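Residues per chain are reported as follows:
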Amino acid sequence: MTRGKGFDVKELRLARAGRDRIEWAKKEMPVLRSIGERFAKKKPLKGLRISACLHVTTETAALMQVLAAGGAKVTLCASNPLSTQDDAAAALVKNDGISVYAIKGENRKTYYGHILQALSVKPHVTMDDGADLVSVIHTKRREVLKGVVGGTEETTTGVIRLRAMAKKGVLRYPIVAVNEAKTKHFFDNRYGTGQSTLDGILRATNRLLAGSCFVVAGYGWCGRGLAMRARGMGARVLVTEVDPLPALEAIMDGFEVASMSEAAAKGDIFCTLTGNIHVLRGEHFRKMKDGAIVCNAGHFNVEIDIPALAKLARSVRTVRPFVEEYRMRNGRAIHLLAEGRLINLSSAEGHPSTVMDMSFANQALGVEFLIKKKETLDNVVYPIPDAIDREIARLKLAGIGAKIDTLTPEQKKYLASWEMGT
Ligand code: ADE
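Owing to the predicted nature of the structure, the values given are computational and were not obtained by experimental measurement. (Residues numbered from 1 in each chain as written. Predicted model: local features only at pLDDT ≥ 70, side-chain atom pairs only at ≥ 80, totals over all residues. Heavy atoms only, no water.)

Some words on the state of the cysteines
Reasoning step 1: Applying the stated criterion across every chain yields a total of zero disulfides.
Reasoning step 2: C271 takes part in no disulfide bond, and the closest cysteine sulfur to it belongs to C295, at a distance of 3.8 Å.
Reasoning step 3: Its relative accessible area of 1% is what places C271 among the buried residues.
Reasoning step 4: Residue classification places C295 among the buried positions, given a relative accessible area of 0%. (Disulfide = S-S within 2.5 Å. Buried < 20%, exposed > 50% of the residue type's maximum accessible area, 1.4 Å probe, protein only.)

Observations regarding the nonpolar core
Reasoning step 1: In this structure, L45, I50, L63, M64, L67, V100 and M127 are the most contacted members of the largest nonpolar core, which totals 52 residues.
Reasoning step 2: A per-element tally of this core places helix α15 (residues 353-373) first, with 10 residues.
Reasoning step 3: Excluding residues that lie within four positions of it along the chain, L63 makes contacts with L32, L54, M127, F360, Q363 and A364.
Reasoning step 4: Of all hydrophobic cores here, the second largest spans 27 residues; its members include C222, A227, V239 and F255. (Core = buried A, V, L, I, M, F, W, Y, C linked by side-chain atoms within 4.5 Å. Helix = DSSP H or I, 4+ residues; strand = E, 2+ residues; numbered from the N terminus. Contact = heavy atoms within 4.5 Å.)

As for the environment of E283
Reasoning step 1: Residue position: E283 is located in helix α12 (residues 282-285).
Reasoning step 2: Distance from E283 to K26, taken between C-alpha atoms, is 45 Å for residues 257 residues apart in sequence.
Reasoning step 3: Within the structure, the side chain of E283 is placed 2.6 Å from the side chain of R281, a separation counted as a polar contact. (Polar contact = N/O pair within 3.5 Å; in protein donor to acceptor, adjacent residues only side chain to side chain.)

Observations concerning the packing of α15 against helix α16 (residues 386-400)
Reasoning step 1: Where α15 contacts α16, the two axes come as close as 10 Å, and the packing angle between them is 140°. As the angle between them shows, α15 and α16 are arranged oblique. Remark: the crossing between α15 and α16 carries right-handed chirality. Every residue of α16 that contacts α15 at T354, D357, M358, A361, N362, L365 and F369 is listed here: I388, D389, I392 and K396.
Reasoning step 2: When grouped by side-chain class, the residues that make up the contact of α15 with α16 number six nonpolar, two polar and three charged. (Axes fitted to C-alpha atoms, helices over the stretch in contact; angles between N-to-C directions. Parallel < 35°, antiparallel > 145°, perpendicular 65-115°, else oblique. Left-handed = near helix turned anticlockwise from the far one by under 90°. Nonpolar A, V, L, I, M, F, W, Y, C, P; charged D, E, K, R; others polar.)

Side note on the sheet that holds strand β4 (residues 73-78)
Reasoning step 1: One open sheet accounts for nine strands, arranged β1-β2-β5-β4-β3-β6-β7-β8-β17; its pairing is mixed. Each edge of the open sheet carries a strand with a single partner, namely β1 (2-4) and β17 (381-383). Taking each pair of neighbouring strands and ignoring which way they run, the sheet shows an average axis angle of 20°.
Reasoning step 2: By the bridge criterion, three bridges tie β4 to strand β5 (residues 99-101) in an arrangement that is parallel. Looking across to β5, one finds that L76 is bridged to V100.
Reasoning step 3: The sheet contacts of helix α6 (residues 132-139) involve β3 (49-54), β4, β6 (125-128) and β8 (175-177), and relative to β6 the element is tilted by about 130°. (Pairing = 2+ DSSP bridges.)

Structural notes on the packing of helix α8 (residues 182-205) against helix α9 (residues 221-232)
Reasoning step 1: Following both chains from N to C, one finds α8 and α9 inclined at 45°, their axes separated by 7 Å at the closest point. The orientation of α8 with respect to α9, classified from their angle, is oblique. Crossing of α8 over α9 shows right-handed handedness. Facing H185, F186, N189, R190, Y191, T193, G194, Q195, T197 and L198 of α8, the residues of α9 in contact are W221, C222, G225, L226, M228, R229 and A230.

Laid out in structure tokens, this is it:
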């Protein structure tokens, strides 16, 4: 552990490796790059203190550099105890002079200690992935509230928590919901989670997916991405849902839909992506096959009822990194990956930078929007404005080098008319 003034990271010696990996990630981040160039010239965030609680990855490092280029003083802590890339954390401290409080595998006490450190700078803006900063400010650090102009939120789970706060009238500053941008959830949640979750499962287990029965719990954007990619690798995919509409979509997308109690007896690999609690619980563990693998890609480690699993087990041992074998009283083994934490960020590297480019462009422009509009915003959750969303899509297409058509004057007129028929 290397602790100093303004940081607590695993090892500063990792900075060199971190810098190289950050540079690698940035090659696929043209949108963030162009925002960074503008920020460096115009300094729209001059004098702003931003505290960010995000997964500390190479992509997050690229975002921190852009915010700092815009004139902000940035402090970063982890949004999950297992997702930190220690080399990226070290590089930010050593090469960019950014305050980072994050160590992969930190315990609960250190995790919350780091959140308090990030809040000790009295931020004007909070940037969350899961709403932990907002939650701690509103419960344990209310004195910080008066200086906060607003916050941004990265993920579905966080937005749900924040909307609940706004509905109860307890939210004390405006939030921009990055997750609601189309350039975020269409790509990050679907293609990012789809690929990185499989990557995490495969790195942890090295199991063959072809011919396996793969159970995807939840058919939101993340679930769809995972189901699509697992099928692509030859798995037979079973989807479980509580909402009839996405369940129907899953069927029409060609997947089998079942209740979890049916799926439990059939699955070889289970992955939860619902944002809800105890989606896999005792009644399901009892039915699972010997050797079943269970993991989670939802934000919090509550989707698998681990205490219930432990209660059913007569022994627990680590059989590989990120794989714990729970030997059940019925003699069967159930393998839990990454302590039920986000598998894609625990045993793999999270979403590839190509999609994080758009997610984090929304974060950067979300902060700019907040400070420009601060006088006019209420203490509620705002979607990213459509104009920002479209601008990010436009920049991404330009970065990819893809051209699209523009409407002809005749087409514009046609779309604006109602008189013209067959
Ligand atoms: N969430 C999912 N993937 C991520 C990544 N690569 N960086 C930061 N947050 C993420």
